[in-house]
Amino acid sequence: MKNSLIVSLISTALLSLSAAAYAADAKPAVIDGKACSITPAPRTVEYPWMSIARWQAMFQEDIEVAETGKVDLLFVGDSITEGWNKKVWDKSFGKWKTANFGIGGDHTGNVLWRLDHGQAGRLSPKLVVLTIGVNNFFHCQANPEQVFDGVKAVVTKVRTLYPNARILLNAVLPYEQSAASPKRAQVVELNRMIATLDDGKTVIFKDYGKKFLQANGDMSPTIMADYLHPTPKGYQVWSDAMLPDIKKLMK
């Protein structure tokens, strides 16, 4: 009995070591950029700046907002939408019944899932301000064409949910400090494709990206301190550029 137990323990240990060795040798799974971009999926990855628990809590807050049904102006997106400076937000959009459905780190697949599962269909906004896609480059390892597929899927979903609403479709904002960065070129290529979704009636595409850049095309840290997320000054720049269009579309 005792010998059998010892043999069993040794076998278990050897199996564990073999599994550990296999895991160490295994290569990370290749992410399908298109599937990641167009497949609705909740957050499943823990980030130091955004735990799954926090993501779920923010999603629950959106559900509670949706259940009230009282939203005229709806913002949808990722951390760039989530992070609006409160002072700028209140001054710019406080006259309307406004909701912010931005969650940091979301790519288009995450937004598709939230729109499917968050009671968003209970709302009837007059205008949806949509800014999404940049995280597909980071988290989906997607190329511009694949990101575009995701943005197009989100636009289609929003149109289905809110057939009477207009969509102010933002270009993906520039990121990286240098105008010469290859990642800037990716954004330009992506935005050329996103612009084709503008139908002049219900989907209005606007590229405010140049407003965030210096004359030579470089990014100032006073506008985006990390060259990705706007500072309070950056949000004021965005508001100044976007607000005339929002006022027009909210009429």
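Summarised in this report is the structure supplied together with it. (Residues numbered from 1 in each chain as written. Predicted model: local features only at pLDDT ≥ 70, side-chain atom pairs only at ≥ 80, totals over all residues. Heavy atoms only, no water.)

### Details of the nonpolar core
Among the nonpolar cores identified, the biggest contains 66 residues, and Leu169 and Ile246 are the most heavily contacted of them. A per-element tally of this core places helix H10 (residues 232–249) first, with seven residues. Not counting residues up to four positions away in its chain, the partners in contact with Ile246 are Leu73, Phe75, Phe93, Trp96, Leu127, Val129 and Leu168. (Core = buried A, V, L, I, M, F, W, Y, C linked by side-chain atoms within 4.5 Å. Buried < 20%, exposed > 50% of the residue type's maximum accessible area, 1.4 Å probe, protein only. Helix = DSSP H or I, 4+ residues; strand = E, 2+ residues; numbered from the N terminus. Contact = heavy atoms within 4.5 Å.)

### Observations regarding the packing of helix H8 (residues 144–161) against helix H9 (residues 182–194)
Look at H8 against H9: their axes get within 9 Å of each other, and the N-to-C directions meet at 40 degrees. As judged from the angle between their axes, H8 and H9 are oblique. Crossing of H8 against H9: the hand is right-handed. Residue-level contacts link Pro144, Glu145, Val147, Phe148 and Val151 of H8 to Gln186, Glu189, Leu190, Met193 and Ile194 of H9. Across the contact of H8 with H9, the residue classes break down as seven nonpolar, one polar and two charged. (Axes fitted to C-alpha atoms, helices over the stretch in contact; angles between N-to-C directions. Parallel < 35°, antiparallel > 145°, perpendicular 65-115°, else oblique. Left-handed = near helix turned anticlockwise from the far one by under 90°. Nonpolar A, V, L, I, M, F, W, Y, C, P; charged D, E, K, R; others polar.)

### With respect to the state of the cysteines
The final tally for this structure, using the stated rule, is one disulfide. Here Cys36 pairs with Cys140 through a disulfide, and the sulfurs are 2.0 Å apart. Residues Cys36 and Cys140 share a disulfide whose torsion about the S-S bond is about -60 degrees; that sign makes it left-handed. Separated by 104 residues along the polypeptide, Cys36 in helix H2 (residues 33–38) and Cys140 in the loop between helix H7 (134–139) and H8 bring together distant segments of the chain. A relative accessible area of 16% means that Cys36 is categorised as buried. Here Cys140 falls in the buried class, since its relative accessible area comes to 0%. (Disulfide = S-S within 2.5 Å.)

### Considerations on the sheet that holds strand S5 (residues 203–206)
With parallel pairing, the five strands of this open sheet are ordered in space as S2-S1-S3-S4-S5. On the outer flanks of this sheet lie strand S2 (98–102) and S5, each paired with one strand and no other. Ignoring which end each strand starts from, the neighbouring axes of this sheet average 15 degrees apart. Here strand S3 (residues 127–131) pairs with strand S4 (residues 166–170) via four bridges, running parallel. In the strand pairing of S4, Val128 is matched with Ile167. Against the sheet, H10 engages strand S1 (73–77), S3, S4 and S5, with an angle of about 160 degrees to S4. (Pairing = 2+ DSSP bridges.)

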